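As a plain string of letters, each chain reads:
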Amino acid sequence: MKSKQQNNFKEKLKKYFMAGVDFLIDTEGKVVFIEANSYPGLFRALEQKYGFCKPINEMKKTFTNENHFLFIETQKTYDTDSKYKYKKFKEFFGSDKVKKEIIKDLKKETIENLKDKILKLNYCPIIYTPFVKLKKILLDNNYHYILNPYPITKLTINKSTLYSKIKSTKNFKVPNSYSFKTKSALLKIIKENKLNKIVIKPQNGQRGKDLYIINDLKELKKIRLKKQDWIVQEKIEINKINNNFWDIRSYVINNNFCGMIGRKSKNPAVNVSLGGKTFKIPNDLEEKIKKASEDVVRQINKML
């Protein structure tokens, strides 16, 4: 790859290149931002529901036959969806261009050894991994061939920072959000902001874990919050589908919307890893979600 092309390519990779953005639709039909993901999943479900995986197909418009990819996971995180993505990348870009590295753990020594191994390669593979520490150490060593590098991951996993910087627009709204550490601080926030129905989630939470939906503030007496940073938000009311809670995962590749899928569950935390099911979103919502998704990604890229 020529020097000028290489620099242009590195600039693209510094942005929020592969985005997974989650939304709710409230009872008034407005699109509500939930969160952004730097390592989005459900690619396999996309193909099952729609017959193809448009996000990976969209990537072919940016990457060339000269590009190599290196998937890095642990044995624990290399799940069905990761295996599917690895398989599809090999189909799209060639089995000789796509490799994987399954590491035993995320200890400092393991990460350092892996970093050294990558930097000694005689080519520059595009790293695709969920591991924040590895992204950080590669960036510190001036390695920029990373899908959704450390600054993106750091921003998207810190909900407090993200909610404070993402602003509501005509295309979507952001629920009022407040940070706290203790239950006494939470009660003060509730009183000062006259909150009634709330959602409590860990500041760096993932996959719907430790999520609390509170419809009656008396329920707070039963909750024992772990010692960590938390977010409390006003609860967004939605119209259920067949008595199921639901939300939308959308995909944006290189600033372009390229599909969405629904998640539903009897449980308010509709994450698939917690038992939620996927479904096709009605076509009449596509334009709304497209505008909201690309709007969110634009805002995030301006923060970088």
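Quick caveat, the model's predicted, so the values are computed rather than measured. (Residues numbered from 1 in each chain as written. Predicted model: local features only at pLDDT ≥ 70, side-chain atom pairs only at ≥ 80, totals over all residues. Heavy atoms only, no water.)

Quick word on the overall build of the protein chain
Each helix and strand in the protein chain was counted, giving 10 helices and 12 strands. For the protein chain, the C-alpha radius of gyration of 20 Å lies close to 19 Å, the compact-globule estimate for 304 residues. Overall, the protein chain is about 60 × 45 × 35 Å in size when its C-alpha atoms are taken along their principal axes. In the protein chain, once contacts between residues fewer than 6 apart in sequence are set aside, the share between residues at least 24 apart is 66%. Split by element, the accessible area of the protein chain, about 16,000 Å² in all, is 46% carbon and sulfur. Across the protein chain, 64 positive and 32 negative side-chain charges occur, with their mean positions spaced 2 Å apart. (Helix = DSSP H or I, 4+ residues; strand = E, 2+ residues; numbered from the N terminus. Rg over C-alpha atoms; globule rule 2.2 N^0.38 Å. Contact = heavy atoms within 4.5 Å. Areas by Shrake-Rupley, 256 points an atom, 1.4 Å probe, with all protein chains shown as cover. Lys, Arg positive; Asp, Glu negative; His and termini not counted. Charge placed at Lys NZ, Arg CZ, Asp CG, Glu CD.)

Some words on the sheet that holds strand 2 (residues 31-37)
Sheet architecture is open: five strands sit in the order 2-1-10-11-12, paired in antiparallel fashion. Lying at the two open borders of the sheet, with one neighbouring strand each, are strand 2 and strand 12 (277-279). Neighbour-to-neighbour, the strand axes of this sheet turn through a mean angle of 30 degrees, independent of strand direction. Contacts from helix 2 (residues 43-50) reach strand 1 (18-25), strand 10 (245-253), strand 11 (256-265) and strand 12, with the element oriented near 90 degrees to strand 11. (Pairing = 2+ DSSP bridges. Axes fitted to C-alpha atoms, helices over the stretch in contact; angles between N-to-C directions.)

Considering the layout of surface pockets
There is about 610 Å³ of room inside the second largest pocket. For the second largest pocket, the lining is made up of 33 residues, of which Ile34, Lys201, Leu211, Ile213 and Pro268 are closest to its centre. At the level of elements, strand 1, strand 2, strand 7 (198-202), strand 9 (230-234) and strand 10 are the ones that each hand at least two residues to the lining of the second largest pocket. Element by element, the count of residues in the lining of the second largest pocket is highest for strand 2, at four residues. Partitioned by chemical class, the residues of the lining of the second largest pocket number 16 nonpolar, five polar and 12 charged. (1 Å grid on protein atoms, 1.4 Å probe; cavity = no way out; pocket = protein on both sides within 12 Å on 5 of 7 lines; lining within 4 Å. Points joined across faces, edges and corners; volume = space filled by probe spheres on them. Nonpolar A, V, L, I, M, F, W, Y, C, P; charged D, E, K, R; others polar.)

What about the sheet that holds strand 3 (residues 69-74)?
Taken together, three strands build an open sheet; the order of strands is 4-3-5 and the sheet is parallel. The sheet is open, and its two borders are formed by strand 4 (98-103) and strand 5 (126-128), each paired with just one other strand. Averaged over all adjacent pairs, the angle separating strand axes in this sheet is 25 degrees, with direction ignored. Note: strand 3 against strand 5, three bridges, orientation parallel. Note on strand 5: the bridge partner recorded for Phe71 is Tyr128.

Things to note about the environment of Lys173
As for its position among the elements, Lys173 is in the loop between helix 8 (159-165) and strand 6 (177-180). The class of Lys173 is partly exposed, set by a relative accessible area of 29%. In the structure, Lys173 is positioned 66 residues away from Lys107 in sequence and 39 Å away in space, judged by C-alpha atoms. Those residues within four positions of Lys173 in sequence are excluded, and the remaining contacts are Asp26, Val31, Val32, Phe33 and Ser168. (Buried < 20%, exposed > 50% of the residue type's maximum accessible area, 1.4 Å probe, protein only.)

A word on the confidence of the model for the protein chain
Put simply, the protein chain has an average pLDDT of 91, and 96% of its residues get 70 or more. Ranking the elements of the protein chain by mean pLDDT puts helix 1 (residues 3-13) last, at 67, and helix 10 (residues 286-303) first, at 97. (pLDDT = per-residue confidence, 0-100.)

Some thoughts on the pairing of strand 3
The buried count for strand 3 comes to six of six residues, which makes it a mostly enclosed element. Across six bridges, strand 3 lies against strand 4 in parallel orientation. Bridge pairing in strand 4 links Thr74 to Ile103. Where the polypeptide runs from strand 3 across helix 4 (residues 80-93) and back to strand 4, its parallel neighbour, the crossover connection is right-handed. (Right-handed = clockwise from strand over helix to strand, strands pointing away.)

A word on the environment of Glu35
Take Glu35: it is sitting in strand 2. Between the alpha carbons of Glu35 and Ile166 there is a distance of 10.0 Å; along the sequence they are 131 residues apart. Leaving out residues up to four positions away in the same chain, Glu35 has contacts with Gly20, Val21, Asp22, Lys159 and Tyr163. Of note is the side chain of Glu35, whose polar atom sits 3.5 Å from the side chain of Lys159. (Polar contact = N/O pair within 3.5 Å; in protein donor to acceptor, adjacent residues only side chain to side chain.)

A short note on the nonpolar core
Core analysis: the largest hydrophobic core is formed by 42 residues, its most contacted members being Met18, Met59, Phe63, Ile72, Phe89 and Leu147. In terms of nonpolar packing, the next biggest core, distinct from the first, is built from 36 residues, Tyr16, Val31, Leu155 and Phe245 among them. (Core = buried A, V, L, I, M, F, W, Y, C linked by side-chain atoms within 4.5 Å.)

Considering the packing of helix 6 (residues 132-140) against helix 7 (residues 150-157)
The relative placement of two packed helices is expressed as an angle between their axes plus a distance between the axes. In the contact formed by helix 6 and helix 7, the axes pass within 9 Å of each other and the chain directions differ by 145 degrees. The interaxial crossing formed by helix 6 with helix 7 has left-handed handedness. Here Val132, Lys135, Lys136 and Leu139 of helix 6 come into contact with helix 7, specifically with Tyr150, Pro151, Thr153 and Ile157. Across the contact of helix 6 with helix 7, the residue classes break down as five nonpolar, one polar and two charged. (Left-handed = near helix turned anticlockwise from the far one by under 90°.)

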